[in-house]
Amino acid sequence: MTAAPAGPPVPGPTAPGPAVPGPAALVPDEPLLSASGVAVSFPVGSQLTARIRHEERLLRAVDGVDLELRRGEALALVGESGSGKSTLALALAGLVPANRGEIRFDGRVLPARRARADRRRIQMVFQDPYSSLNPRLTVGGMLRELLRVHHVVTRGQVAAVSAELLTRVGLSEADLSAYPRQFSGGQRQRVAIARALALRPDVLVADEPVSALDVSVQATILNLLQDLRNDLGLTLLLISHNLAVVRHLCDRVAVMYLGRIVEVAPTEQIFSDPRHPYTRGLLAAIPRLTESAADDGTPAIAGDPPSPLRIPAGCRFRTRCPMAQPRCEHEDPALVTSPGDPGHLAACHFAFVPVPATAASGPEKKEQP
Ligand code: ADP
Ligand code: MG
């Protein structure tokens, strides 16, 4: 952990904001960015094919998401590939429109078409930095253009601020004259992060920022994100399909399945006391990190998730759930708060109550403890 340096006037959040919280520090309970009932669907294929296959023509990538990102926190968004994490991130950043629901920033509902000033405040970093960088511009050229177009700083400050940005992400001023192809994967991701920071966002959404990098480099980028959070007071949404990756960086974890958030809790609680059977299955896939999950005999989840073109009625997880009950076929469980703990939410009929013993005749042989 790095203490906030006394030093350089590096871009920070636009608002002066509260004291910068560290990962263990108290985070004020006020949502900075929130989604309620947000849905994003994509039209796919032809009407005819859809009818023949009894499929919908609308692919429901995000299907009614409620989520709050508190000022200064690092929230992880995890879930299998295809669960809608990237689409949700793009919707939050205003890069794809939501078909339904509301996205609020700092207490204001954001319109479908965002003003430039609003777009600036939520910046994204993607998995593949190369495809998101213009190969014909030097890093300095790219930063100069951004800073000027968005009037982030005066002309006279552009050079100094560009240099500061590179130092901030662990590169050097000399790198301003280099092209993206001259960097390694990890360095390119640093450039992409510098570009996002240039606009002085309040929220940084990092979508699988280390998935394409060598294992040895992954930790250095995650550490950088951690430092930026501490030093600049950034609010971070870190997307990963890997719970282990987010464990040390994030205050809370949101688990996504087939377009919905199915569990949210403080990170340690997700690991020590997971309540949704899907979360338990995800944890069972990494037993060495989770003694409790390894001990309770929960199997890792088998098979692939259903297509978002055919989301099961009732509980969307029931087709893979080891504790599914008859009511799960009809009743879509809402994301509810634990009766004893307002910080823990789950969308399962049995997350906070025992599975009824009499009805315990789910699709699997296993009886619940
Ligand atoms: P994740 O990031 O969790 O892997 P995505 O948000 O990328 O999930 O995708 C969720 C679902 O939406 C997937 O089934 C994917 O194929 C589909 N999808 C994503 N973007 C589009 C698009 N532009 N057009 C059609 N389908 C899409
Ligand atoms: Mg993705």
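Placed above this text is the structure.
Residues numbered from 1 in each chain as written. Chains lettered and ligands numbered in written order. Predicted model: local features only at pLDDT ≥ 70, side-chain atom pairs only at ≥ 80, totals over all residues.

Visitor: Would you mind going over the site of ligand 1 with me for this structure?
Guide: The immediate surroundings of ligand 1 are formed by 13 residues, with Phe42, Ala61, Lys85, Ser86 and Thr87 found nearest. Residue assignment for the shell around ligand 1 shows that the elements contributing at least two residues are β2 (58-70) and α2 (85-92). With three residues, α2 is the single largest residue contributor to the shell around ligand 1. Of the residues assigned to the shell around ligand 1, the class counts are five nonpolar, seven polar and one charged. (Near = placed C-beta within 6 Å. Helix = DSSP H or I, 4+ residues; strand = E, 2+ residues; numbered from the N terminus. Nonpolar A, V, L, I, M, F, W, Y, C, P; charged D, E, K, R; others polar.)

Visitor: I tried to follow helix α10 (residues 277-284) on my own but got confused; where do I start?
Guide: Because the α-helix completes a turn every 3.6 residues, residues three or four places apart line up on one side. In terms of burial, α10 is a largely internal element, seven of the eight residues being buried. Those residues of α10 that sit buried are Pro277, Tyr278, Thr279, Arg280, Gly281, Leu282 and Leu283. (Buried ≥ 20, exposed ≤ 12 C-beta atoms within 10 Å, placed from the backbone.)

Visitor: Looking at this structure, how should I read the sheet that holds strand β7 (residues 203-207)?
Guide: For sheets, the rule is that strands pair by backbone hydrogen bonds, running either parallel or antiparallel. Taken in spatial order, the eight strands make up an open sheet running β6-β7-β8-β3-β9-β10-β12-β11, and their pairing is mixed. Of all the strands in the sheet, the pair left with one neighbour each is β6 (122-125) and β11 (336-338). Across the sheet, the mean angle separating the axes of adjacent strands is 25° when strand polarity is ignored. Sheet analysis places strand β10 (residues 260-266) next to strand β12 (residues 341-346), joined by two bridges and oriented antiparallel. Looking across to β12, one finds that Glu263 is bridged to Ala346. Packing against the sheet, α10 makes contact with β9 (252-257) and β10, and its axis sits at approximately 105° to β9. (Pairing = 2+ DSSP bridges. Axes fitted to C-alpha atoms, helices over the stretch in contact; angles between N-to-C directions. Contact = placed C-beta atoms within 7 Å.)

Visitor: Would you explain the pairing of β12 in this entry?
Guide: Regular strands show a simple pattern: their side chains alternate between the two faces of the sheet. Bridge count for β11 against β12 is three bridges, and the pairing is antiparallel. Considered in β12, the bridge of Thr337 is made with Leu345. In textbook terms, the turn of a hairpin is the stretch between consecutive antiparallel strands, and for β11 and β12 this stretch comprises two residues.

Visitor: Just checking my understanding: could you explain the pairing of strand β1 (residues 31-43) for this structure?
Guide: Sheet topology places β1 next to β2; ten bridges connect them, and they run antiparallel. What sits directly across from Ser41, in β2, is Arg60. One ladder, built from five bridges, connects β1 with strand β4 (residues 100-105); its direction is antiparallel. Counterpart to Ala35 in the pairing with β4 is Ile103.

Visitor: What is the right way to look at the packing of helix α4 (residues 139-149) against helix α6 (residues 185-198) in this model?
Guide: When two helices pack together, their arrangement is given by the angle between the helix axes and by the axis-to-axis distance. Two numbers describe how α4 lies on α6: the axes approach to 10 Å, and their chain directions differ by 20°. With respect to α6, the axis of α4 lies roughly parallel. Here the hand of the crossing between α4 and α6 comes out right-handed. Of the residues in α6, those in contact with Val139, Met142, Leu143, Leu146 and Leu147 of α4 are Val191, Ala194, Arg195 and Ala198. Here the contact of α4 with α6 is built from residues that sort into eight nonpolar, no polar and one charged. (Parallel < 35°, antiparallel > 145°, perpendicular 65-115°, else oblique. Left-handed = near helix turned anticlockwise from the far one by under 90°.)

These values are about where atoms sit, not about what they do.
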